[in-house]
Structures are given as C-alpha cells and as structure tokens.
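Residues per chain, in single letters:
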2 protein chains.
Amino acid sequence: MEESREELREKFHRRLAAHDCKLTRQRKDILEVIISEPHSHFNAEELYEKVQQMNPEVGLATIYRTLDLFCDLEIIHRLDFDTSYKSYELNVEDQHHHHLICLQCGTITEFKDSVLEKFEQDLEKTHNFDIVDHHIKFYGYCEECSSNKGESKNGK
Amino acid sequence: MEESREELREKFHRRLAAHDCKLTRQRKDILEVIISEPHSHFNAEELYEKVQQMNPEVGLATIYRTLDLFCDLEIIHRLDFDTSYKSYELNVEDQHHHHLICLQCGTITEFKDSVLEKFEQDLEKTHNFDIVDHHIKFYGYCEECSSNKGESKNGK
DNA sequence: GTGAGTGCAAAGCCTTTGCAACCAC
DNA sequence: GTGGTTGCAAAGGCTTTGCACTCAC
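Analysis parameters
Residue numbers restart at each chain and count upward from 1, following the sequence in its written direction. Chain labels run from A onward and ligand labels from 1 onward, assigned in the order the entries are written. A pLDDT threshold of at least 70 governs which residues receive local features in this predicted model, and a stricter bar of 80 or more applies before side-chain atom pairs are shown or counted, although totals over entire chains, interfaces and linings include all residues. By convention in this description, side-chain values take in all heavy atoms of the structure and omit both hydrogens and water. Helix numbers and strand numbers start at the N terminus; a helix is a DSSP run of H or I with at least 4 residues, a strand a run of E with at least 2. Partly exposed describes any residue whose relative accessible area lies between the buried limit of under 20% and the exposed limit of over 50%, with all areas from a 1.4 Å probe on protein chains only and scaled to the type maximum. For this analysis, residues touch if any pair of their heavy atoms sits within 4.5 Å. Shrake-Rupley sampling with a 1.4 Å probe provides the accessible areas, and residues are treated as covered by the protein chains on show and by no other component. Counted charges follow a simple rule, with Lys and Arg positive, Asp and Glu negative, and His plus the chain ends left uncounted. Where a charge lies is defined by one atom per residue type, namely NZ (Lys), CZ (Arg), CG (Asp) and CD (Glu). Only strands joined by at least two bridges in the DSSP assignment are considered to pair. Each axis is a line fitted through C-alpha atoms, taken for helices only over the stretch in contact, and angles between the N-to-C directions span 0 to 180 degrees. Just to be clear on terms, a salt bridge is a Lys or Arg side-chain nitrogen sitting within 4 Å of an Asp or Glu carboxyl oxygen. Polar contacts, as used here, are pairs of N or O atoms within 3.5 Å; protein pairs need one atom able to donate a hydrogen and one able to accept it. Residues neighboring in sequence count only if both atoms are side-chain atoms. Under the scheme applied, nonpolar residues are Ala, Val, Leu, Ile, Met, Phe, Trp, Tyr, Cys and Pro; charged residues are Asp, Glu, Lys and Arg; polar residues are all the others, including Gly. As used throughout, domain bounds are those supplied by an automatic or database domain assignment. Here's the idea: put two parts together, see how much 1.4 Å probe accessible area each one loses, and the total over both is what we call buried area. Here the copies are matched by least squares. The fit uses the C-alpha atoms of residues with pLDDT of at least 70 in both.

Explain the overall build of chain A residue by residue, including any values.
Across its full length, chain A carries six helices and six strands. N-terminal to C-terminal, the α/β element order of chain A is α-α-β-α-α-β-β-β-β-α-β-α. Dimensions of chain A, computed from C-alpha atoms along their principal axes, come out at roughly 60 × 40 × 30 Å. When burial is assessed residue by residue, chain A has 40% of its 156 residues classed as buried. In chain A, once contacts between residues fewer than 6 apart in sequence are set aside, the share between residues at least 24 apart is 50%. Of the accessible surface of chain A, which amounts to about 9,000 Å², a share of 46% is contributed by carbon and sulfur atoms. In chain A, the 20 positive side-chain charges and the 32 negative ones have mean positions that sit 3 Å from each other.

Break down the sheet that holds strand β2 (residues 76-79) of chain A for me, with residues and values.
Residue and element names in this part refer to chain A. An order of β1-β3-β2 is seen for the three strands of this open sheet, with the pairing classed as antiparallel. Looking along the sheet, the strands with just one partner apiece sit at the ends: β1 (41-43) and β2. When strand polarity is set aside, the average angle formed by the axes of neighbouring strands in this sheet is 40°. With three bridges joining them, β1 and strand β3 (residues 87-90) adopt antiparallel strand pairing. Along β3, the bridge assignment pairs Phe42 with Tyr88.

Explain the interface of chain A and chain B to me, and be specific about the residues and the numbers.
Contacts between chain A and chain B engage 36 residues on the former and 36 residues on the latter. Seen at the junction of chain A and chain B, the total is zero salt bridges. Taken together, the links from chain A to chain B amount to six residue pairs in polar contact (both at pLDDT 80 or more). Elements with a minimum of two residues in the side of chain A that touches chain B: β2, β4 (98-102), α5 (114-127), β6 (130-141) and α6 (143-150) of chain A. Broken down by element, the side of chain A that touches chain B gets its largest block of residues, 12 residues, from β6(A). Counted by class, the side of chain A that touches chain B contains 18 nonpolar, seven polar and 11 charged residues. Sheet topology note: the β6(A)/strand β6 (residues 130-141) of chain B ladder contains 11 bridges and is antiparallel. Bridging across to β6(B), A:Ile136 finds its partner in B:Ile136.

Report on the domain arrangement of chain A, specifying residues and quantitative values.
All names here are of chain A. Domain boundaries assigned for chain A yield domain 1 (1-95) and domain 2 (96-156). Of the residues lining the interface, nine residues belong to domain 1; the matching set on domain 2 comes to 10 residues. For the pairing of domain 1 and domain 2, the buried interface totals around 780 Å² over both sides, and the portion due to carbon and sulfur atoms is 45%. Where domain 1 meets domain 2, there are zero salt bridges. Across the contact surface, domain 1 and domain 2 share two residue pairs in polar contact (both at pLDDT 80 or more).

Can you lay out the relation of the copies chain A and chain B for me, pointing to particular residues and giving the numbers?
Expressed as a screw transformation, the operator carrying chain A onto chain B has a rotation angle of 179° and an axial translation of 0.0 Å, and the superposed copies differ by an RMSD of 0.1 Å. Read as a symmetry element, the transformation amounts to a two-fold axis. Comparing interface residues between copies, 100% of those in chain A also sit at the interface in chain B, which points to an isologous, same-surface contact.

Next comes the structure, spelled out in structure tokens:
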C-alpha cells in the first residue's frame, strides 16, 4: 500500500521540523514538485525547471542545497545512472526496487524482487558484510528496442 | 583461468590495430599501467600519476582521450561508484563480478555469484528485456567496520 | 609524407560557495 | 529579533576541446 501525496507531504514536513530545518516557501515548493511525480528520476536542472513553473523566484543554488538536505534527511535518494550529473528519486516507503535500463531508448523500468532479498541475506553471511543498501542495475534492450534491433541481428 | 599480462597486452594491441588506432608510446604506457594492476579501480587523475612515473611527457588530456578510446574498445569498463569523478577498471575476461562497498572505510570487495546469473535469466523472461550487462553494488559495513560500529550500536 | 594522435592552455559543464538580504520561528 | 535560508554571481572541480606540432604507419 503506497502512501498518499498528503501523507508524504506531512511526513516530510515533520521530518524537516524534527531536524530544526525551517519550512521555507522554497522547500515546500521543491518537495511538492518531487512528490507530484513519486516515481520519476530527476537531476538538479530538471527539478529547477519544474519548480520555476511553480515559483520563478527560486534559484538554482537553492535547488542544489535542498537536494543535499533532502538526501541527508532521506527524503530522496541519490542515484548513479549517469556520471555527468547527479540524479535523484523520491524515497517512497517500501519502494525498494531495481532498474532495467535500455541502452537504446534510455527507458528506465523499475522492478522489485524477493529473490534478491534472499540473495542479499546469504551474501551477508558468506562475506561477513552488513548490508544496508544496494544499487542493482541491468543494462540491455527493452522489448520494443529488442525487436527493432532484431532486424540487424545477423550483424554481430 | 586468468589471462597473463602478456596475453592481455597482445590482445589489446591487436584490438587497437584492428580498429585502425595507432599504437603510440602513450597508449602503450597507459595500457601497461592498467594491466599491471588488473583488479584495481582508478580514475583519470590516479592513472595520470602512475603513467607519469613511467613517462612524464604524457599529458592529462591524453589520459582522458585514451580512457574514452579504451572504453569504446572495451579494454576497460566505466564504473559508477562515485558521481564526482568517473572511475574505470580493466576488462578482464570472465571477471564479471559485483561489488561490496563499505560505507565506513570505503573498501570495495569484489565477488562473483552464480545465483545472480540465474536470476538474470529469469528476469529476461519476466520483463522481456534483453540483458547485456549489469551493475550490482551492495553498500554496508565490512567485517572490521561492523565490529567497530557495534560499540555504538545502541545509538542508532 | 600524411593524417591520426599529442600537449598545452583555454573553455565547458555541473556543482559549490561567499556574502548581503531575507524571512520562518 | 535572530540565525538559518536564500539569490546572485563568482569560483571550484573534473572533463573536453581548439590548435599547432609530432610521430606511427
């Protein structure tokens, strides 16, 4: 069961307060934009543009500072799809998922899996490693691109 | 069975030739440094410093250009541990592995696993996704750091 | 000999920072 | 009222690029 937008908003407003962070207009607006698309991935520039539509007064530096803050408070997660810029996603409870990244069209599909959870537990034992997080990404070709690619499959 | 340094060198020299790339002094030296530590992870700056010891004439721009070239030729792989700079590792045959990253001491441990190979195959079927590569990283605390951390475990 | 490859320095991109003004508490 | 936040612009890292020179083929 996923949390509603209202629940998320309140939860994160409380979290900010709990850490003595002021609930400024800018932080509210930025959070609102992030919550409005709970499953999207975004970078600073993309977020900046969306926030601008809501409140053109917000500066890019504030976006960066807020992203850092939200990461610290675990309101969002930093991803690492691309090394040229940093990207982020909202930290939705129980949304722990993995990514399928299409090398052709760039589409990123999310999936969850219990096999991996089990695997992780085994791994902790074999390597005496206390796992707290994981980043699991599979690269390849999505259904659509696979079939297009199939036309020249004899190539390789 | 892992390839010897000589085998790797020859293989990659041939690969450069096959792509009409000149075998310059700089490329040879850079390749030699990379092969000399086949399991290390490095960024441009680190590679630059090591190459400098061998040949102080090499410029940093050449390092960057060569890293791009070697990635295209699949002589090395680009990693994505950190988003502030790009890191790389030698592409050793059958070395497909995953990473355990310690959040405290930063140590990166490699491991291989057949469960994941199987999992990948299942995944391809359920999602109609043609997987060609994966990046799998687990974050947590290594054995040593876990025990140190244990002292303040009640803290949370 | 000739064009790919190089070194240098300048430019580029994304991100961070210094500082005065501002506003949430 | 006051210190945390902000916007702006300047500075900061890392990486790429323009250009004349060089060297592998």
